[in-house]
Amino acid sequence: MNDLGDRYEALALAHLQAAGLRLLARNFQTRFGELDLVMRDGDVVAFVEVRYRARADYGGGAESVTASKQRKLATAAAQFLQAHPHLASLPCRFDVVGCPAPRNARPSTGCATPSTPEPCRTLFSTSFARTLHGDALQVDDEALQRYGRDDSKRQGEPLAVALPRTREEVVAIVQACVEHGVALTTRGAGTGTTGAAVPDRGALVLSLERMDRILAIDPGQRLAVVEPGVLNLALQRAAGGHGFFWPPDPASADRCTIGGNLACNAGGPRTVKYGASRDNVLSMVAVDGRGRLFHSARPLGKLATGYNLTQLLVGSEGTLAVIVEATLRLQPQPQASRALSASFRDVESAALAVTRIMAQPATPSALEFLDGKSLRLARAHAGDDVPEAGALLLIEVDGAGDSIDGQAAAVRDAVQVEGLLAFEAAGDRARRERVWAARRALSPALRTLAPKKINEDVVVPVPRLPELVAFLDRLERDSGILIVCFGHAGNGNLHVNLMLDPDNPAQAAAAPVALARPMPCSP
Ligand SMILES: Cc1cc2nc3c(=O)[nH]c(=O)nc-3n(C[C@H](O)[C@H](O)[C@H](O)COP(=O)(O)OP(=O)(O)OC[C@H]3O[C@@H](n4cnc5c(N)ncnc54)[C@H](O)[C@@H]3O)c2cc1C
């Protein structure tokens, strides 16, 4: 610390901490002004201005400096309240905490002695603040930035971030938000690409990342009980130790949470055979919009009657309730599996092959489609392991050991369409891993190439896949925007990426037109 201001700030901080206040953030920058310290004394979040600076530092009178800083702070507080009108109606005080003089500071150069409290703000009620311990409530700039965005790259401006560890804390947070009219945005790991976890301005972000315990793996009932912040990959590893797996396998599995998977009904390559999150959950414990805990169902294999709250919550994207526990259906790991691949001259022939594979009885456990542009990118990642072609299908079959040859043969027959370049039963495990790693890396790779790309998740009935790829081809020509396309073809689900160059005005104008253009209906 070589600056006088820093020294006084440190002294003031020590003094306030000795008086029982806890530091939440330092040099807190709001849109409306800068504050030196954000402290909490149990039930009050206080924004503190440290008044310091020697007369000589400014070449002016300390009094006038103090007065101008005070004015600035008062303006910031007033603007802040104006921007968050719900705070004005809170049944609590807003106090500027005057900085007590450090013991060894001379009045002419040090902090001012405690002054009459002036307008500032208390954010939440006593019960809320008492419930969250340690750093479970964060208001510093870095946290607000980090938890204010998701993989859509949109940036929100939350008021604070709450990181509870227990369902009781979640209940208290929701109740406090209801009481004080503060909007709340639930968050898992923020890997969603649609902005669903991006908070409204002035909302509280409720991150479930610290509720990350696997509570039970029960092979006898083929189920797992987990908290919402468990990472998908962590569950796969734990279930794998018992010979089971949880089918949803988004490419973000190493980062995304089970709560987020359920709230978005996440899927992945295995969805074609095993279903998405919706098909693999038995029940949930959740907190509703009034802060009441409820069970969506009993975790039984069959529910004959009653409303299906579990399914209502799946895909609700945090708008109905906060999931605090889930009982998930596990699948036994197959005895054997085999990776196959088929390369094609063009996307149309690959799309036709998809419909033929899905029309025969051996359901593949993965059926992924990559167009020629995706393949070029994937080759940059995995080299010659990825073929040069107009399109590629990555296929897997799994099941009992003695069924694999038959399934592979059925797929080989199905892909025999005009335009097939090569069919391969990729026996080499390491090579297969490299090709799949390249497939998983596609999404971030595209984002690196075109940070402002528009990613649409398009689903059509499988027989209409050939029409979809032909339509996208026309759209690319007409809009002048490069369109890269890959995805879970077995579900008719393709990730359509408009590789927008934001500095190109023609493309910027063409993008909304392209997005609004409907795919013609088949006769
Ligand atoms: C590289 C990459 C690849 C991806 N691949 C796939 C893929 O193959 N398939 C796929 O489906 N998705 C994919 N995604 C999207 C994303 O990873 C998934 O949607 C994932 O399920 C989001 O989980 P999350 O924990 O990050 O949730 P977040 O992004 O934090 O939140 C997503 C939504 O869920 C809500 N939410 C989160 N937790 C809870 C909770 N406990 N209670 C209530 N609501 C909650 C949030 O409010 C928000 O609406 C991918 C994303 C990336 C970045």
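Because the structure is predicted, anything quoted here is derived from the model rather than measured.

Quick look at the overall build of the chain now. Within the chain, the regular secondary structure consists of 18 helices and 23 strands. Relative to its 523 residues, the chain shows a buried fraction of 51%. Sequence-distant contacts in the chain: of pairs separated by 6 or more residues, those separated by 24 or more amount to 67%. Surface summary for the chain: the accessible area is close to 23900 Å², and the carbon and sulfur share equals 52%.

Once that is clear, we can look at the sheet that holds strand S14 (residues 293–295). The strand order across the open sheet built from five strands is S10-S11-S15-S13-S14, with neighbouring strands paired in antiparallel fashion. Of all strands in the sheet, those bounded by a partner on one side alone are strand S10 (214–218) and S14. Strand-to-strand twist in this sheet, taken as the mean axis angle between neighbours without regard to direction, amounts to 15°. Examined bridge by bridge, S10 and strand S11 (residues 223–226) share four bridges and lie antiparallel to one another. In the strand pairing of S11, Ile 214 is matched with Val 226. Here helix H8 (residues 232–240) sits on the sheet and contacts S10, S11 and strand S15 (321–329); the angle it forms with S10, its principal contact strand, is near 35°.

Take helix H13 (residues 372–382) next. Every buried residue of H13 is listed here: Gly 372, Ser 374, Leu 375, Leu 377, Ala 378 and Ala 382. If you check the start of H13, you find a side-chain oxygen 3.2 Å away from the backbone N of Lys 373, and it comes from Asp 371. Downstream of H13 by a residue or two, Gly 383 has a phi angle that is positive, lying close to 65°.

For Lys 153, which is not glycine, the phi dihedral falls at a positive 70°. Tracing the sequence through the fold places Lys 153 in the loop between helix H6 (141–146) and strand S7 (160–162). Positive phi is not limited to glycine here, since Arg 222 has a value of about 55°. Tracing the backbone shows Arg 222 in the loop between S10 and S11.

What describes two packed helices is the angle between their axes and the distance between those same axes. The contact between helix H15 (residues 429–440) and helix H16 (residues 442–449) brings their axes to 5 Å, and the two run at 45°. The angle between the axes of H15 and H16 places the two elements in the oblique class. Touching Ala 438, Arg 439 and Arg 440 of H15 are Leu 442, Ser 443 and Pro 444, all from H16. Grouping the constituent residues of the contact of H15 with H16 by class yields three nonpolar, one polar and two charged.

We now examine the sheet that holds strand S9 (residues 204–207). Here we have four strands laid out as an open sheet, ordered S6-S7-S9-S8, and mixed in their pairing. Looking at the sheet topology across the chains shown, the edges are occupied by strand S6 (137–138) and strand S8 (184–187). Here S8 pairs with S9 via four bridges, running parallel. Of the residues in S9, the one forming a bridge with Thr 185 is Val 205. Helix-sheet contacts for helix H7 (residues 167–180) involve S7, S8 and S9, and the interaxial angle to S9 is about 165°.

With that settled, the discussion passes to the nonpolar core. One finds Phe 369, Leu 393 and Leu 465 to be the most contacted residues of the largest nonpolar core, which totals 40 residues. Excluding residues that lie within four positions of it along the chain, Leu 465 makes contacts with Ala 351, Val 354, Val 460, Ala 489, Gly 492 and Leu 494.

Next up on the list: the packing of aromatic side chains. This model, assessed by the stated rule, comprises one aromatic pair. Ring geometry for Phe 245 against Tyr 274: centres 5.1 Å apart, planes inclined by 90°, an arrangement best described as edge-to-face. Separated by 29 residues along the polypeptide, Phe 245 in strand S12 (residues 244–245) and Tyr 274 in helix H10 (residues 271–274) bring together distant segments of the chain. Of the two residues examined, Phe 245 and Tyr 274, each falls in the buried class.

The predicted model of the chain averages 80 in pLDDT, with 75% of residues at 70 or higher. Within the model, the stretch residues 51–66 combines pLDDT values under 50 with 27 contacts to residues more than four positions away or in other chains. Here residues 87–126 scores under 50 on pLDDT; set against residues more than four positions off or in separate chains, the count is 98 contacts.

Attention now moves to a nonpolar patch on the surface. Together, Tyr 307, Leu 309, Leu 312 and Leu 320 make up an exposed nonpolar region whose accessible area comes to about 470 Å². Here Leu 312 lies in helix H11 (residues 309–313).

What follows concerns the site of the ligand. As a structural note, the neighbourhood of the ligand is formed by 32 residues, with Thr 186, Gly 190, Thr 191, Ser 252 and Thr 257 the closest of them. The separation between an oxygen atom of the ligand and a polar main-chain atom of Ala 196 is 3.5 Å. The separation between a nitrogen atom of the ligand and a polar main-chain atom of Ile 323 is 2.9 Å. For the ligand, whose unbound accessible area comes to 980 Å², protein coverage reaches 92%.

Time to look at the pattern of salt bridges. Per the stated rule, a full pass over the model turns up 18 salt bridges. The closest approach of N and O atoms between Arg 412 and Asp 413, which form a salt bridge, is 3.6 Å. The class of Asp 413 is partly exposed, set by a relative accessible area of 45%. Among the charged side chains, a network of salt bridges with common partners joins Arg 345, Asp 346 and Glu 418.

Analysis parameters
- Residues numbered from 1 in each chain as written.
- Predicted model: local features only at pLDDT ≥ 70, side-chain atom pairs only at ≥ 80, totals over all residues.
- Heavy atoms only, no water.
- Helix = DSSP H or I, 4+ residues; strand = E, 2+ residues; numbered from the N terminus.
- Buried < 20%, exposed > 50% of the residue type's maximum accessible area, 1.4 Å probe, protein only.
- Contact = heavy atoms within 4.5 Å.
- Areas by Shrake-Rupley, 256 points an atom, 1.4 Å probe, with all protein chains shown as cover.
- Pairing = 2+ DSSP bridges.
- Axes fitted to C-alpha atoms, helices over the stretch in contact; angles between N-to-C directions.
- Polar contact = N/O pair within 3.5 Å; in protein donor to acceptor, adjacent residues only side chain to side chain.
- Parallel < 35°, antiparallel > 145°, perpendicular 65-115°, else oblique.
- Nonpolar A, V, L, I, M, F, W, Y, C, P; charged D, E, K, R; others polar.
- Core = buried A, V, L, I, M, F, W, Y, C linked by side-chain atoms within 4.5 Å.
- Phe/Tyr/Trp six-rings, centres within 6.5 Å; stacked < 30°, edge-to-face > 60°.
- pLDDT = per-residue confidence, 0-100.
- Patch = residues over 30% accessible without salt bridge, like charges linked within 9 Å, V, L, I, M, F, W, Y side chains within 5 Å.
- Salt bridge = Lys/Arg side-chain N within 4 Å of Asp/Glu carboxyl O.
- Near = heavy atom within 4 Å.

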